[in-house]
Amino acid sequence: MRNRPYTLLSCSVSIDGYIGTAAERLLLSNDADFDRVDAVRASCDAILVGAQTVRADNPRLLVRSPRRREERTARGLAPSPMKVTVTRRAQLDAQAAFFTQGDAEKLVYCPSPSVGAARTRLGPVATVVDGGGNVEMRTLTTDLAARGVERLMVEGGGCVHTQFLTDDLVDELQLVVAPVFVGDSDAPRFVTDGRFPWSAGRRATLADVRQIGDVVLLRYALSARFQPD
Ligand SMILES: NC(=O)c1ccc[n+]([C@@H]2O[C@H](COP(=O)([O-])OP(=O)(O)OC[C@H]3O[C@@H](n4cnc5c(N)ncnc54)[C@H](OP(=O)(O)O)[C@@H]3O)[C@@H](O)[C@H]2O)c1
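My aim in this report is to walk through the structure given alongside it, one point at a time.

Reading the values: the criteria
- Residues numbered from 1 in each chain as written.
- Predicted model: local features only at pLDDT ≥ 70, side-chain atom pairs only at ≥ 80, totals over all residues.
- Heavy atoms only, no water.
- Salt bridge = Lys/Arg side-chain N within 4 Å of Asp/Glu carboxyl O.
- Helix = DSSP H or I, 4+ residues; strand = E, 2+ residues; numbered from the N terminus.
- Buried < 20%, exposed > 50% of the residue type's maximum accessible area, 1.4 Å probe, protein only.
- Core = buried A, V, L, I, M, F, W, Y, C linked by side-chain atoms within 4.5 Å.
- Contact = heavy atoms within 4.5 Å.
- Disulfide = S-S within 2.5 Å.
- Expected span 1.5 Å × (residues − 1).
- Pairing = 2+ DSSP bridges.
- Axes fitted to C-alpha atoms, helices over the stretch in contact; angles between N-to-C directions.
- Phe/Tyr/Trp six-rings, centres within 6.5 Å; stacked < 30°, edge-to-face > 60°.
- Lys NZ or Arg CZ within 6 Å of the ring centre and 35° of its normal.
- Near = heavy atom within 4 Å.
- Polar contact = N/O pair within 3.5 Å; in protein donor to acceptor, adjacent residues only side chain to side chain.
- Areas by Shrake-Rupley, 256 points an atom, 1.4 Å probe, with all protein chains shown as cover.

**Some words on the pattern of salt bridges**
Then, number 1: Scanning the entire structure with this criterion turns up 13 salt bridges.
Then, number 2: A salt bridge links arginine 219 to aspartate 229, with the nearest nitrogen and oxygen atoms 3.2 Å apart. Here aspartate 229 lies in the segment after strand E9 (215-221) and arginine 219 lies in strand E9, a separation of 10 residues in the sequence.
Then, number 3: According to the relative accessible area criterion, arginine 219 is buried, its value standing at 5%.
Then, number 4: One network of salt bridges, with partners in common, ties together Glu172, Asp208, Arg210, Arg219 and Asp229.

Right under this line is the structure:
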């Protein structure tokens, strides 16, 4: 077993690099691309999102296609992957779809001082994991590997993307560019400020480009572990 899962970061952005609006959820992809994302979800052991995405979008994070759910079940897996989130404040609603939808295991990583509050609030609906003084994504992914996660999908938001990318934990980036502008600097971006391993002096490897209706999928190989289809 590897000491961290193969990690695939999936995100859709506007032409001007935003992943939502300041006020409301923004659906950037089209139906064909949502179906592609569904297939990627079905191929993973766990899906991770930040707590702000849980609060803002109330995502279900389930495999939608009945056929894909059945295929997973036939392989002895849960119909949908494990769900994982991370929070410092532990202010998450146990009634959020993240917790109530689907039978797969739900994990909540938080720093030690928040564990008590998180277990009080979420103990009945999730496994709360003590992430130590500060939850480091490298430690988190090592812990996920120990729990049997070999393939991890990271689905936002920008705060979480930034940590995975700056910590050089992403093997593959799937970036979808949608033909819209957001044009509001208060809106969330794909990433926030940080020291990224890729720059003018060390360019990322573009592995594939695919048009899907009115959006374009860019696949970047960000590590030697990149797995082409
Ligand atoms: N277009 C897309 O593909 C896409 C996908 C997903 C999300 N989004 C959008 O992204 C936006 C949310 O992004 P965001 O950057 O604001 O937030 P985010 O990354 O979803 O979540 C940030 C939160 O996660 C927790 N967190 C992050 N790192 C942590 C760490 N190391 N230790 C402990 N807790 C940690 C904190 O939660 P607490 O505040 O609870 O402490 C933090 O406030 C939403 O507007 C959503 O619609 C877009």
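Text resumes after the structure shown.
**A look at the nonpolar core**
Then, number 1: Core analysis: the biggest nonpolar cluster contains 30 residues, and Leu9, Tyr109, Leu144, Phe164 and Phe190 have the highest contact counts within it.
Then, number 2: For this core, the secondary structure elements donating two or more residues are strand E1 (6-14), strand E2 (46-50), strand E3 (82-86), strand E4 (106-110), helix H6 (137-146), strand E6 (151-154), helix H7 (158-166) and strand E7 (172-178).
Then, number 3: Ignoring anything within four residues of it in the chain, the contact list for tyrosine 109 reads Val84, Thr85, Val86, Thr87, Val129, Val135, Leu140, Asp143, Leu144 and Arg147.

**Topic: the state of the cysteines**
Then, number 1: Counted under the stated rule, the structure contains zero disulfides.
Then, number 2: Looking at the unpaired cysteine 11, the closest cysteine sulfur is the one in cysteine 159, lying at 13 Å.

**Describing helix H1 (residues 31-42)**
Then, number 1: Spanning 12 residues, H1 covers 16 Å between terminal C-alpha atoms, matching the ideal 16 Å at 1.5 Å per step.
Then, number 2: Taken residue by residue, H1 has Asp33, Arg36, Val37, Asp38, Val40, Arg41 and Ala42 as its buried positions.

**Re the sheet that holds E9**
Then, number 1: What the nine strands build is an open sheet, ordered E5-E4-E3-E2-E6-E1-E7-E9-E8; its pairing is mixed. Two strands close off the open sheet at either side, each with one partner strand: strand E5 (127-130) and strand E8 (205-212). Between one strand axis and the next, the sheet turns by 20° as a mean value, whatever way the strands run.
Then, number 2: As defined by bridge partners, E1 adjoins E7 across seven bridges and the pair is classed as parallel. Bridging across to E7, serine 10 finds its partner in glutamine 174.

**Focus on H7**
Think of an α-helix as turning once every 3.6 residues; residues three or four places apart then point the same way.
Then, number 1: Along H7, the residues that are buried comprise Gly158, Val160, His161, Thr162, Phe164 and Leu165.
Then, number 2: On its buried side, H7 packs onto E1, E2, E3, H6 and E6.

**Structural notes on the packing of aromatic side chains**
Then, number 1: Here the structure, examined in full by the defined rule, presents one aromatic pair.
Then, number 2: Residues phenylalanine 98 and phenylalanine 99 carry aromatic rings whose centres are separated by 4.9 Å and whose planes lie at 75° to one another, so their mutual orientation is edge-to-face.
Then, number 3: The buried category is assigned to phenylalanine 98, whose relative accessible area is 0%.
Then, number 4: Its relative accessible area of 4% is what places phenylalanine 99 among the buried residues.
Then, number 5: The ring of tyrosine 18 carries arginine 189 above its face, with NZ or CZ at 4.6 Å from the centroid.

**Description of the site of the ligand**
Then, number 1: As a structural note, the neighbourhood of the ligand is formed by 24 residues, with Thr53, Arg55, Asp57, Thr87 and Cys159 the closest of them.
Then, number 2: Take aspartate 57: an N or O atom from its side chain is 2.7 Å from an oxygen atom of the ligand.
Then, number 3: With respect to the ligand, the backbone of cysteine 159 contributes an N or O atom lying 2.8 Å from an oxygen atom.
Then, number 4: Compared with its free state, where it exposes 940 Å², the ligand has 87% of that area covered by protein.
Then, number 5: If one sorts the elements of the shell around the ligand by residue count, helix H2 (residues 51-57) sits on top with five residues.

**A look at the pairing of E2**
Side-chain direction in a regular strand flips from residue to residue, so the side chains alternate between the two faces of the sheet.
Then, number 1: For E2, the tally of buried residues reaches five of five residues, placing the bulk of the element in the interior.
Then, number 2: Side-chain alternation along E2 places Ala46, Leu48 and Gly50 on one buried face and Ile47 and Val49 on a second face that is also buried.
Then, number 3: In this sheet, E3 lies alongside E2 in parallel orientation, the contact comprising five bridges. Paired with alanine 46 across the two strands is methionine 82, which belongs to E3.
Then, number 4: Where E2 meets E6, three bridges bridge the pair, whose relative direction is parallel. Opposite isoleucine 47, over in E6, you have methionine 153 as the bridge partner.

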